[in-house]
Amino acid sequence: RDHVKAMEERKLLQSFLAESQKGLPPRRMRDSYIEVLLPLGSQPELREKYLTVQNTIRFGRILEDLDSLGVLICYMHTRIHEAKMSPLSIVTALVDKIDMCKMSLSPEQDIKFSGHVSWVGKTSMEVKMQMFQLHGNEFCPVLDATFVMVARDSENKGPAFVNPLIPESPEEEELFRQGELNKGRRVAFSAKSLLKMAPSAEERTTIHEMFLNTLDPKTVSFQSRVLPPNAVWMENSKLKSLEVCHPQERNIFNRIFGGFLMRKAYELGWATACNFGGSRPFVVAVDDIMFQKPVDVGSLLFLSSQVCFTQDKYIQVRVHSEVASLESKEHMTTNVFHFTFMSEKEVPLVFPRTYGESMLYLDGKRHFDSMSIPVNLRKN
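Note that residues are indexed from 1 along each chain, following the sequence as it is written. Local features in this predicted model are restricted to residues whose pLDDT is 70 or higher, and side-chain atom pairs enter the listing and the counts only when it is 80 or higher, whereas totals over whole chains, interfaces and linings include all residues. Excluding hydrogens and water, the side-chain values take into account all heavy atoms of the structure.

The name an unreviewed UniProt entry assigns to the protein is Acyl-CoA thioesterase 9, from the organism Mustela putorius furo. UniProt positions are given in the numbering used here, feature names are shortened, and annotations may be inferred rather than shown by experiment. The UniProt entry for the protein carries this comment under Subcellular location (unreviewed entry): "Mitochondrion". The heading Sequence similarities (unreviewed entry) in the UniProt record of the protein holds the text "Belongs to the acyl coenzyme A hydrolase family."

Draft legend 1. Structural context of the overall build of the protein. Scanning the protein for helices and strands turns up 8 helices and 12 strands. Computed over C-alpha atoms, the radius of gyration of the protein comes to 22 Å, within 12% of the 21 Å expected from 2.2 N^0.38 for 380 residues, which places it in the range of a compact globule. Think of it in three bands: with a 1.4 Å probe and only protein chains considered, a residue is buried below 20% of the maximum accessible area for its type, exposed above 50%, and partly exposed in between. Expressed as a percentage of its 380 residues, the buried residues of the protein come to 49%. Asp and Glu are treated as the negative residues and Lys and Arg as the positive ones, with His and the ends of the chain left uncounted. Charged groups are reduced to one reference atom each: NZ for lysine, CZ for arginine, CG for aspartic acid, CD for glutamic acid. Taken as two groups, the 47 positive and 47 negative side-chain charges of the protein have centres that lie 3 Å from each other. Each helix corresponds to a stretch of at least 4 residues labelled H or I by DSSP, and each strand to a stretch of at least 2 residues labelled E; elements are numbered beginning at the N terminus. A radius of gyration in this sense is built from C-alpha atoms; the matching globule rule multiplies 2.2 Å by the number of residues raised to 0.38.

Draft legend 2. Broad picture of the domain arrangement of the protein. Under the domain assignment used here, the protein contains domain 1 (1–192) and domain 2 (201–377). Contacts are assigned to residue pairs that have any heavy atoms within 4.5 Å of one another. Each partner contributes to the interface: domain 1 provides 30 residues, whereas domain 2 provides 32 residues. When two parts are brought into contact, each loses some accessible area as probed by a 1.4 Å sphere; the total of that loss over both is the buried area. Note on domain 1 versus domain 2: buried area summed over both sides is about 2700 Å², and carbon and sulfur give 61% of it. The term salt bridge refers to a side-chain nitrogen of Lys or Arg lying within 4 Å of a carboxyl oxygen of Asp or Glu. Run the count over domain 1 and domain 2 and you get 2 salt bridges. The salt bridge partner of E64 is R263, with a shortest N-O separation of 2.9 Å. Each polar contact in these results corresponds to two N or O atoms within 3.5 Å; when the atoms are within protein, one needs to be able to donate a hydrogen and the other to accept it, and residues that are neighboring in sequence are counted only if both atoms are side-chain atoms. Scanning the region where domain 1 abuts domain 2 turns up 10 residue pairs in polar contact (both at pLDDT 80 or more). Elements with a contribution of two residues or more to the side of domain 1 that touches domain 2: α1 (2–11), α3 (59–78) and β2 (89–100). At 10 residues, β2 tops the list of elements feeding residues into the side of domain 1 that touches domain 2. Three classes are used: nonpolar for Ala, Val, Leu, Ile, Met, Phe, Trp, Tyr, Cys and Pro, charged for Asp, Glu, Lys and Arg, and polar for all others, with Gly counted as polar. In terms of residue class, the side of domain 1 that touches domain 2 is built from 11 nonpolar, 9 polar and 10 charged. An automatic or database domain assignment is the source of the domain bounds shown.

Draft legend 3. Representation of the packing of helix α5 (residues 201–213) against helix α7 (residues 355–369) within the structure. Whenever a helix is involved, its axis is fitted only over the stretch in contact; in every case the axis is a line through C-alpha atoms, and angles between N-to-C directions fall within 0 to 180 degrees. Close contact between α5 and α7 brings their axes to 11 Å; oriented N to C, the two are set at 125 degrees. When the axis of α5 is compared with that of α7, the two are oblique. Crossing of α5 against α7: the hand is right-handed. Residue-level contacts link E203, T206, I207 and M210 of α5 to S358, Y361, L362 and R366 of α7. Counted by class, the contact of α5 with α7 contains 4 nonpolar, 2 polar and 2 charged residues. If an angle is under 35 degrees, it is roughly parallel; if it is over 145, roughly antiparallel; if it lies from 65 to 115, roughly perpendicular; otherwise it is oblique. Handedness of a crossing is defined here by the sense of rotation of the near helix relative to the far one, left-handed for an anticlockwise turn of less than a right angle and right-handed for a clockwise turn.

Draft legend 4. Representation of the packing of aromatic side chains. A pair of Phe, Tyr and Trp rings is counted when the ring centres sit within 6.5 Å of each other, with Trp represented by its six-membered ring. The angle between the planes then sorts it: under 30 degrees is stacked, over 60 is edge-to-face, the rest tilted. Across all of its chains, the model carries 8 aromatic pairs by this definition. Aromatic side chains Y266 and F341 sit 5.8 Å apart centroid to centroid with 35 degrees between the ring planes, which places their arrangement in the tilted category. Of this pair, Y266 sits in helix α6 (residues 258–277) while F341 sits in strand β11 (residues 332–342), and the two are 75 residues apart along the sequence. Three or more aromatic residues link up through ring pairs in this structure, and these residues are F59, Y266, F337, F339 and F341. The ring of F132 has K112 lying over it, and the distance from NZ or CZ to the ring centre is 5.4 Å. Geometrically, a lysine NZ or arginine CZ counts as sitting over a ring once it is within 6 Å of the ring centre and also within 35 degrees of the ring normal. Of note, R353 hangs over the ring of W233, and the distance from its end group to the ring centre comes to 4.1 Å.

Draft legend 5. Fine view of the pairing of strand β8 (residues 282–291). When you tally the buried positions in β8, you get 8 out of 10 residues, the bulk of the element. The sheet contact formed by β2 and β8 spans 5 bridges and is antiparallel. Within the sheet, the bridge partner assigned to I98 lies in β8 and is V286. In this analysis, strands are considered paired if DSSP registers two or more bridges between them. Direction of pairing for β8 relative to β11: antiparallel, over a ladder of 7 bridges. Within β11, the position partnered with V286 by the bridge is F339.

Draft legend 6. Focus on α3. Along its 20 residues, α3 runs 29 Å from first to last C-alpha, staying within 8% of the 28 Å computed at 1.5 Å per residue. Across the 20 residues that make up α3, a large majority, 15, are buried. Between the first and last residue of a helix there are one fewer steps than residues, each counted as 1.5 Å, and that sum is the expected span.

Draft legend 7. Focus on the pairing of strand β4 (residues 124–135). In terms of burial, β4 is a largely internal element, 9 of the 12 residues being buried. The pairing of strand β3 (residues 111–120) with β4 spans 9 bridges and is antiparallel. Its bridge partner being in β4, W119 is matched across the sheet by E126. Counting the residues that bridge the hairpin from β3 to β4 gives 3 residues. The antiparallel pairing of β4 with strand β5 (residues 138–152) creates a hairpin that spans 2 residues between the two strands, and G136 there sits at a positive phi of about 70 degrees.

Draft legend 8. Helix α4 (residues 170–191), seen in detail. For α4, spanning 22 residues, the distance from its first C-alpha to its last is 31 Å, which sits close to the expected 32 Å at 1.5 Å a residue. Along α4, the positions that sit buried rather than exposed are E172, F176, G179, N182 and R186. Along the long axis of α4, the arc covered by the buried residues comes to 105 degrees, so they all point the same way. Exposed side chains of α4 directed beyond 90 degrees from the buried face belong to P170 and E171. The secondary structure elements touched by the buried residues of α4 are β2, β3, β4 and β5. Regarding the arc, it is the one traced by the directions from the helix axis to the C-beta atoms.

Draft legend 9. A look at the environment of V220. Relative to the helices and strands, V220 is located in the loop between α5 and β6 (231–233). Placed 80 residues apart in sequence, V220 and C140 show a C-alpha to C-alpha distance of 57 Å.

Below you can see the structure in the form of structure tokens.
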């Protein structure tokens, strides 16, 4: 009943929607700037929600907070002072990148989030967010995040225009230019997807060499495969989970919050990396989380996690998310998550056995290679 009533009220907001972007006043980056404090140090009762058994912070909760903050920032950018409620529905389109500056966080020190809109298309917005933690008397950087949000109409049925963005300084112009480059990079990365194009010559050589390394020298047969020392078959690195999507995690459109999906996928990915590496892993980067389809309340959410690439202490984990309704057994992919973890010790190499697994391996390697973090973390 609450959902039906909310939808009826939102229908009345259609008149506030702009017919073109030109009809909307331009906004500046500072118009959407927000700082939010998470008072873990001063409010111990809040700490329980964020605490891990290792006395660090649950990164899955941080993903939820970043998702909520990203939406709030976009509502600040598009707010209409005459309307009591925004006529726009802001939804998360993708998590472009999250880069960690620190391996683990203290649950006993305050955390500060800040962020603003950094680039705008016609119906989409890029949001830059940072997270800091208090050390002594100053807040030190913990992570940088880039999300892409899209605006839809009041009933979440079609796209809606958003206010244009005007950079005011050379720094802001560089941020805006970077937003354009990010969009181009995502398009290029998608065009080269292994679901659309064959691997490059270098990638084909990599896979063939891995295949040759698994042939049994005693039999000299393509069918007889053995693992090299300190290696694991990719098929043996899987973990799976199932979530029943209850109304508690829904938004006003009767869909499951993206932040909840990210938390569940991250925690399964962390468990996979922990199980594979045999020690506590630390998240290093999150990238290319595409929200392909919404998840309805009442759905069965199937999560499948797999190690798809390893190097030194690094573990690249891919989590595939799909849903099925209670009435239908048909499964639909909703998300694919990519997490990079660093283990406390060197981890085994992972070897694909089939062509499909080889494509997963190359996809994981591409995501790992696109990360700018490993060199810095080694220095630390």
